[in-house]
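Each chain, written out:
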Amino acid sequence: MLTKREKVAYGLGDTASNIVFQTVMLFLTFFYTDIFGISPAVVGTMFLLVRIIDAVTDPLMGALADKTQSRHGKYRPYLLWLALPFALCSVLAFTTPDLSANGKVIYAFATYTLLMLAYTAINIPYSALGGVLTADPTERVSVQSYRFVFGMLGGLLVTACTLPLVTFFGNGDNAKGYQLTIVAMSALGLVLFLLCFAGTRERVNAPVDQQLTLKRSFASLWQNDQWRVLCVAAFFLLTGMVLRTTLAIYYVKYFLGREDLITVFVTLGMVGNIAGCAAAQWLSRYVDKVNAYIGLQLIAALISALSFFVGAAQLELAFALYFLWGFFLQMATPLLWAKMADTVDYGHYKTGIRITGLVYSSIVFFIKLGLALGGALAGWLLAFYQYQADSVQTTATQQGILLSFTVLPAIGSVVVALVMSRYRLRSNTVLDIHQQLQQRAGETAPEHARVNA
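Residues numbered from 1 in each chain as written. Predicted model: local features only at pLDDT ≥ 70, side-chain atom pairs only at ≥ 80, totals over all residues. Heavy atoms only, no water.

Remarks on helix H7 (residues 214–222)
Ser217, Ser220 and Leu221 are the residues of H7 that are buried. Down the axis of H7, the smallest arc covering the buried residues is 105 degrees, so these residues share one side. Facing away from the buried surface of H7 by more than 90 degrees, the exposed residues are Lys215 and Trp222. For H7, the secondary structure elements touched by its buried residues are helix H8 (225–255), helix H12 (333–351) and helix H13 (356–384). (Buried < 20%, exposed > 50% of the residue type's maximum accessible area, 1.4 Å probe, protein only. Helix = DSSP H or I, 4+ residues; strand = E, 2+ residues; numbered from the N terminus. Arc of directions from axis to C-beta. Contact = heavy atoms within 4.5 Å.)

Put into structure tokens, the structure is as follows:
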């Protein structure tokens, strides 16, 4: 049984990650188009191209973490080693040097790529750490609930404080304001990563005699059919979610016509996210994780689609639906990450090889691919509907923003629900696999190498 203190410590790592993750989702497209002066189509393409790099770096980072041996464990040490480099890369991405139009594109591409590499290097081990804190399936949901509540608190910090801090630090110079805001947030993130490192401990170990090569690791990964289901689901989930969150600023500013309420709108959505994550543990006590996840996706899809019919003058209803969408969608998030740990166990049971880092990193790659495609779609759709930065938009552009913000994300959630209907690791199956793995460990491994719940 993990203590609340350790769960909080683990959650602080996601607070640190979300300071950057939520900033990228909510503000980076707007920063590039309206502050740095890059066209939306170029921004969308850039987001997608960087994912090609992740196709290599994500699984390699997972495999590297699985092979790491240190006195701090396999995954925790990366929080200590990379907290400072990650903070520095975040600041560089939100810095706007005086360059030509082509120079700006090159600089944005280089620094965004560097930021994503740093994010991969620290977030993959952090994510895998959640799978080795405990082997108890119920506790895994609890750990992930703490993680995402604290992660969303980081997002709440971003939504509530970013624009006010930009105004405060910039004093009329938004470029300077964004840079100094990220300096402050990155410094906080560095401290939180160190607290996460100090407050957690790895307990679930790979077989003591396990010898991993890249070929053997990837062969074992491919045999895990439930891993493939989660990869596809994660991709469509993030594509729809990021498309909606990226366009939230544009929706409020150009469709609702209330630029002054942007911070309130995105902050309310983040409050819904936090409340949903906190409710996930309660839900998992009464409903099978897979059934709950499918149902939550369908509810989120319905709410997003209903938003299409809300008029620009119906502010209260627009705000309420955005809150509810975040609440139900994010209630499913801890369930998804708990299923990743279950999938690791399933792969270990099926192949005899435990590759926690590689399973997490490969699913995270599809999450980031969805993140990139969602951001890219936002840029491409804005360009398609002839969006003009910081200008009065045509009626066609406003309707295009509305459609892209409501109906398209709803379709994404429906697809996720359909994909997850093929996921077979229900609660009873997971418990049976866990018991058999414990039995195997007791029969074949010395005491110090057994899996501790």
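Continuing now.
With respect to the packing of helix H5 (residues 137–170) against H12
Direction vectors running N to C along H5 and H12 enclose 135 degrees, while the axes themselves pass 8 Å from each other. Taken together, the axes of H5 and H12 lie oblique to each other. The way H5 lies across H12 gives a crossing that is right-handed. Taking contact as the criterion, the partners of Arg140, Val141, Gln144, Ser145, Arg147 and Phe148 in H5 are, on H12, Thr333, Pro334, Leu335, Trp337, Ala338, Ala341, Asp342 and Asp345. Among the residues forming the contact of H5 with H12, the class breakdown is 7 nonpolar, 3 polar and 4 charged. (Axes fitted to C-alpha atoms, helices over the stretch in contact; angles between N-to-C directions. Parallel < 35°, antiparallel > 145°, perpendicular 65-115°, else oblique. Left-handed = near helix turned anticlockwise from the far one by under 90°. Nonpolar A, V, L, I, M, F, W, Y, C, P; charged D, E, K, R; others polar.)

Some points on the packing of aromatic side chains
Counted according to the given criterion, the structure contains 34 aromatic pairs. Judged by centre distance (5.3 Å) and plane angle (65 degrees), the rings of Phe168 and Phe169 are edge-to-face. Classification of Phe168 by relative accessible area gives exposed; the value is 62%. On the basis of relative accessible area, Phe169 is assigned to the partly exposed category, the value being 26%. Ring centres 5.0 Å apart and planes at 80 degrees place the aromatic pair Phe265 and Phe319 in the edge-to-face group. In this pair, Phe265 is assigned in helix H9 (residues 262–286) and Phe319 in helix H11 (residues 315–331), connecting sequence segments 54 residues apart. Here Phe265 matches Phe319 in class, with each residue buried. The structure contains a cluster of three or more aromatic residues connected by ring pairs, namely Phe31, Tyr32, Phe36, Phe47, Phe94, Tyr107, Tyr112 and Tyr178. Positioned above the aromatic ring of Phe197 is the side chain of Arg76, whose terminal nitrogen or guanidinium carbon lies 4.5 Å from the ring centre. (Phe/Tyr/Trp six-rings, centres within 6.5 Å; stacked < 30°, edge-to-face > 60°. Lys NZ or Arg CZ within 6 Å of the ring centre and 35° of its normal.)

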